[in-house]
Amino acid sequence: MESARVARCLDYTPTARSVSLARRRTARLVADWGHPELAGDAALLVSELATNALLHGCLRDRPFRVRIALGATALRVEVTDPRGESVPSPRAAADDEQFGRGLLLVGALAVCWGTEPRSVGKAVYAELAIRSGNGRRAPDSVRVGHPGTT
């Protein structure tokens, strides 16, 4: 993503309640930044990524971080957790499984998503295109997907 015009970052305790707090805060921030049409999708992305961090990336008493950044052509949501060895990948969930569809949702909503290593842990990000005034995606928004997926 190009350099952010505005960004906010907050650490959350690794509890289920933190996921709903992050989701609500994201929707409010995105709407306050002038993009209410993206607020619901951004909140869903944060919810899915934060839930994955909570289930697969958090360690006891180590927070996860949510960063939301607005650029000229994209809104980026990023969740950082302390377990860098646990890299997410989409999978096919059986019809009767409760879990396993989050990254499919992320891939369907985002123009791109992926992971980035950190000195401790990893960041998982997803980007939403900022639409131009005519309702089309900004010209440099390209769907690249997650490395290693089709």
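Residues numbered from 1 in each chain as written. Predicted model: local features only at pLDDT ≥ 70, side-chain atom pairs only at ≥ 80, totals over all residues. Heavy atoms only, no water.

Undergrad: Is there a simple way to explain the side chain of Asp81 in this structure?
TA: Within the secondary structure layout, Asp81 lies in strand β3 (residues 74–81). Here Lys122 takes part through its side chain, which lies 2.7 Å from a polar atom of the side chain of Asp81. (Helix = DSSP H or I, 4+ residues; strand = E, 2+ residues; numbered from the N terminus. Polar contact = N/O pair within 3.5 Å; in protein donor to acceptor, adjacent residues only side chain to side chain.)

Undergrad: I would appreciate a short explanation of the pattern of salt bridges in the present structure.
TA: For side chains of opposite charge, pairing can occur when their charged atoms come near one another. Within the structure shown, the criterion is met by seven salt bridges. Here Arg118 and Glu78 are joined by a salt bridge, their closest N and O atoms 3.0 Å apart. Of this pair, Arg118 sits in the loop between β4 (112–117) and β5 (122–129) while Glu78 is found in strand β3, placing the two residues 40 residues apart along the sequence. One salt bridge connects Lys122 with Asp81, and the closest N-O pair in it is separated by 2.7 Å. (Salt bridge = Lys/Arg side-chain N within 4 Å of Asp/Glu carboxyl O.)

Undergrad: How should I be thinking about the sheet that holds β5 in this particular structure?
TA: Within a sheet, neighbouring strands are paired by backbone hydrogen bonds and run either parallel or antiparallel to one another. Pairing within the open sheet is antiparallel, and its five strands lie in the order β1-β2-β3-β5-β4. Edge positions in the sheet fall to β1 (6–12) and β4, since each has one partner strand and no second. Across the sheet, the mean angle separating the axes of adjacent strands is 15 degrees when strand polarity is ignored. The pairing of β1 with strand β2 (residues 64–70) spans seven bridges and is antiparallel. Pairing of Val6 across the sheet is with Leu70, part of β2. Running over the sheet, helix α1 (residues 16–32) touches β1, β2 and β3 and is turned about 165 degrees from β1. (Pairing = 2+ DSSP bridges. Axes fitted to C-alpha atoms, helices over the stretch in contact; angles between N-to-C directions. Contact = heavy atoms within 4.5 Å.)

Undergrad: Is there a simple way to think about the packing of aromatic side chains in this case?
TA: Each aromatic ring pair is described using two quantities: the centre-to-centre distance and the angle formed by the ring planes. Evaluation of the coordinates by the stated rule reveals one aromatic pair. Here Tyr12 and Phe64 contribute two aromatic rings whose centre-to-centre distance is 5.7 Å and whose plane-to-plane angle is 20 degrees, an arrangement assigned as stacked. Linking Tyr12 in strand β1 with Phe64 in strand β2, this pair joins segments that are 52 residues apart in sequence. Residues Tyr12 and Phe64 agree in their burial class; the two are buried. Its end group placed over the ring of Tyr125, Arg76 keeps NZ or CZ at 4.0 Å from the ring centre. (Phe/Tyr/Trp six-rings, centres within 6.5 Å; stacked < 30°, edge-to-face > 60°. Buried < 20%, exposed > 50% of the residue type's maximum accessible area, 1.4 Å probe, protein only. Lys NZ or Arg CZ within 6 Å of the ring centre and 35° of its normal.)

Undergrad: I tried to follow helix α3 (residues 102–109) on my own but got confused; where do I start?
TA: The α-helix winds at 3.6 residues per turn, so residues separated by three or four positions along the chain end up facing the same way. Among all positions in α3, only Gly102, Leu103, Val106 and Gly107 are buried. Axial view of α3: buried residues confined to an arc of 135 degrees, hence all on one face. (Arc of directions from axis to C-beta.)

Undergrad: Sorry, what's going on with the nonpolar core here?
TA: Where a protein is soluble and globular, its nonpolar side chains tend to be buried together. Within the largest apolar cluster, 29 residues are counted, with the highest numbers of intra-cluster contacts made by Leu49, Val66, Ile68, Leu75, Val77 and Ala126. No other element matches the eight residues that helix α2 (residues 36–57) contributes to this core. Residues within four places of Ile68 in sequence aside, it is in contact with Val6, Ala7, Arg8, Arg25, Thr26, Leu29, Val30, Trp33, Leu75, Arg76 and Val77. (Core = buried A, V, L, I, M, F, W, Y, C linked by side-chain atoms within 4.5 Å.)

Undergrad: What's the story with the environment of Thr13 in this structure? I'm lost.
TA: Its place among the elements puts Thr13 in the loop between β1 and α1. Owing to a relative accessible area of 49%, Thr13 belongs among the partly exposed residues under this scheme. Sequence separation between Thr13 and Arg62 is 49 residues, and the spatial gap between their C-alpha atoms is 7.0 Å. Setting aside chain neighbours within four positions, we find Thr13 in contact with Ser18 and Phe64.

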